[in-house]
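# Residue-level structure breakdown
What follows is the residue order along each chain.
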Amino acid sequence: MSLFNKALASIGIGSVKIDSRLSKPSFRIGERVDGKVLIKGGSVEQEIDAIYLCLMTDYLRNSNNKAYKDQTVIKRVKVSEPFTVLENEIIEIPFSFVLPLLTPITASGTSIWVKTEAGIKNAKDPTDRDLITIKPSLLLTDMMQAVLSLGFTLDYSRCHEAPERYKKTQQYIQCFYFKPLEGKWKDIENIEIVFFAESEDTYDLFIEVNNKVNDSVKKELYLHSESIFYIKIRQERVHEIPNKILQLMKQSHQLD
């Protein structure tokens, strides 16, 4: 490379282009994700320190009574060691990784994407972003179906900042908001559930029953319009979820 071309590369002119391609558009939690990173050289030779794949999502973080939207890395995978891309050279690098059990699923209000980072000195924009559809694991699918069988529908989901006890594991938790079908559960506003995977066959469920409150009810009574419960579910006991939720709704003092 001439001194002039080295100078061009150092200020980000003639940078390489990167593009990650997945083997398919959707994957289940716990499934292996595979694909390849395509690198196309620019008008000058360039050195790349490394390429990383980052599985990303958004989450809401509360600070000083305000909500802020942050991004967090679910999983980061190193795809390559340092290498050189020649002028107009095309390189393909395969990758493969397993989706962590705590990966959020794609739902209304929650997006997941793969961000490809290339360590190129002074490059203008050495990243690539590709949306990926994440489906629930088979066990999570069964648990969600159990909730729906009671006469609810999934309204939306949202990732929130995780409580302190879980922050060593991850920065976020995904909350699912189920609302009653028309004509069902007239006293229930919605049910919010966090499905926290302990293992492939065991989940902790945090369930918040939000009851409707009449506008005339005093403010101090409104504070008691929510009830939060915890249950542990193993794979062989998924069939117990509907009865357990019914009991929790009764405990919220809104059912006869």
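Note that the structure is predicted; figures quoted are calculated from it, not measured. (Residues numbered from 1 in each chain as written. Predicted model: local features only at pLDDT ≥ 70, side-chain atom pairs only at ≥ 80, totals over all residues. Heavy atoms only, no water.)

## Brief notes about the overall build of the protein
Here is the rule we go by: By the criteria applied, helices consist of DSSP H or I runs no shorter than four residues and strands consist of E runs no shorter than two, each listed in order from the N terminus. Working definition: with a 1.4 Å probe on protein chains only, accessible area under 20% of the residue-type maximum means buried, over 50% means exposed, and in between means partly exposed. In what follows, residue pairs with any heavy atoms lying within 4.5 Å of each other are defined as contacts. Working definition of accessibility: Shrake-Rupley area with a 1.4 Å probe, residue cover restricted to the visible protein chains.
Helices and strands together make up the secondary structure of the protein, namely four helices and 16 strands. Within the span of the protein, comprising 256 residues, buried residues form 44% of the whole. A separation of at least 24 residues holds for 63% of the contacts in the protein among residues at least 6 apart in sequence. Surface summary for the protein: the accessible area is close to 14,600 Å², and the carbon and sulfur share equals 48%.

## Digging into helix 2 (residues 138–148)
The condition is simple: Think of the arc as the fan of directions from the helix axis to the C-beta atoms.
Within helix 2 the residues assigned to the buried category are Leu-139, Leu-140, Met-143, Met-144, Ala-146 and Val-147. Taken down its axis, helix 2 places every buried residue within 150° of arc, on the same side.

## Observations regarding the packing of helix 2 against helix 4 (residues 241–251)
Heads up, the rule is: For every element, the axis is a line fit to its C-alpha atoms; helices are fit only across the contacting stretch, and the angle between N-to-C directions ranges from 0 to 180 degrees. Angle categories: roughly parallel below 35 degrees, roughly antiparallel above 145, roughly perpendicular from 65 to 115, and oblique for all the rest. Two helices that cross are described as forming a left-handed crossing if the nearer one is turned anticlockwise from the farther one by less than a right angle, and a right-handed crossing if clockwise. The nonpolar class holds Ala, Val, Leu, Ile, Met, Phe, Trp, Tyr, Cys and Pro. Asp, Glu, Lys and Arg form the charged class, and all remaining residues, Gly among them, are polar.
One way to put it is that helix 2 packs onto helix 4 with a least axis distance of 9 Å and a crossing angle of 50°. Here helix 2 is positioned oblique relative to helix 4, judged by the angle of their axes. Crossing hand, helix 2 versus helix 4: right-handed. In this structure, helix 2 uses Met-143, Ala-146 and Val-147 to contact helix 4, whose residues at the interface are Ile-241, Pro-242 and Ile-245. By residue class, the composition of the contact of helix 2 with helix 4 is six nonpolar, no polar and no charged.

## Topic: the confidence of the model for the protein
What counts here: Every residue carries a pLDDT, the predictor's confidence in it, which falls somewhere between 0 and 100.
Taken residue by residue, the protein gives an average pLDDT of 84. The fraction at 70 or more is 84%. The spread of mean pLDDT over the elements of the protein runs between helix 3 (residues 219–222), the lowest at 39, and strand 11 (residues 133–135), the highest at 97. Long-range and interchain partners of residues 3–13, a stretch whose pLDDT sits below 50, account for 15 contacts in this model, where long-range means more than four residues apart. In the model, residues 215–225 has pLDDT below 50 throughout and makes six contacts with residues more than four positions away in sequence or in other chains.

## Some remarks on empty space enclosed by the protein
Here is the rule we go by: Definitions used throughout: a 1 Å grid over protein atoms alone; a cavity as a set of points that fits a 1.4 Å probe which cannot get out; a pocket as an open set with protein on both sides within 12 Å along at least five of seven lines; a lining residue as one with an atom within 4 Å of a point. Grid points are joined across faces, edges and corners, and a volume is the space filled by probe spheres set on the points.
What the rule picks out here adds up to two cavities of 30 Å³ or more. Here the largest cavity defines a volume of roughly 130 Å³. Elements supplying a minimum of two residues to the lining of the largest cavity: strand 13 (172–180) and strand 14 (188–199). Of the residues contributing to the lining of the largest cavity, the split by class is 14 nonpolar, three polar and no charged. In this structure, the second largest cavity occupies an estimated 30 Å³ of space. What lines the second largest cavity is simply Leu-53, Cys-54, Leu-55, Lys-75, Val-77, Phe-97 and Val-114. If you list the elements that add at least two residues to the lining of the second largest cavity, you get strand 5 (51–63) and strand 6 (66–80). Broken down by element, the residue count for the lining of the second largest cavity peaks at three residues, all from strand 5.

## Some words on the nonpolar core
As a rule of thumb, nonpolar side chains are buried together in soluble globular proteins. The following threshold applies: Here the nonpolar core consists of buried residues drawn from Ala, Val, Leu, Ile, Met, Phe, Trp, Tyr and Cys, with membership extended through side-chain atoms lying within 4.5 Å.
Of all hydrophobic cores here, the largest spans 66 residues; its most connected members are Ile-39, Met-143, Phe-195 and Leu-205. Not counting residues up to four positions away in its chain, the partners in contact with Leu-205 are Met-143, Ile-193, Val-194, Phe-195, Phe-229, Tyr-230, Ile-231, Ile-233 and Ile-241.

## Remarks on the pattern of salt bridges
Let me state the cut-off plainly: For this document, the term salt bridge refers to a Lys or Arg side-chain nitrogen within 4 Å of an Asp or Glu carboxyl oxygen.
Enumeration according to the criterion identifies twelve salt bridges in this entry. Where Lys-78 meets Glu-81, a salt bridge forms, and the shortest distance between an N and an O atom there is 3.3 Å. Overall, the relative accessible area of 52% leaves Glu-81 in the exposed class.

## Observations regarding the pairing of strand 3 (residues 32–40)
In regular strands, side chains alternate between the two faces of the sheet. Put simply, the rule reads: Here, any two strands with at least 2 DSSP bridges between them count as paired.
Note: strand 1 (residues 17–22) against strand 3, six bridges, orientation antiparallel. Counted as the bridge partner of Asp-19 is Leu-38 from strand 3. Where strand 3 meets strand 8 (residues 90–98), nine bridges bridge the pair, whose relative direction is antiparallel. In the sheet register, Leu-38 faces strand 8, and the bridge partner there is Glu-92.

## Description of the sheet that holds strand 1
Reading across the sheet, the three strands line up as 1-3-8 and stay open at both edges, with antiparallel pairing between neighbours. Taken across any chain shown, the strands that pair with only one partner, and hence form the sheet edges, are strand 1 and strand 8. Across the sheet, the axes of successive neighbouring strands diverge by a mean angle of 20°, strand direction being ignored.

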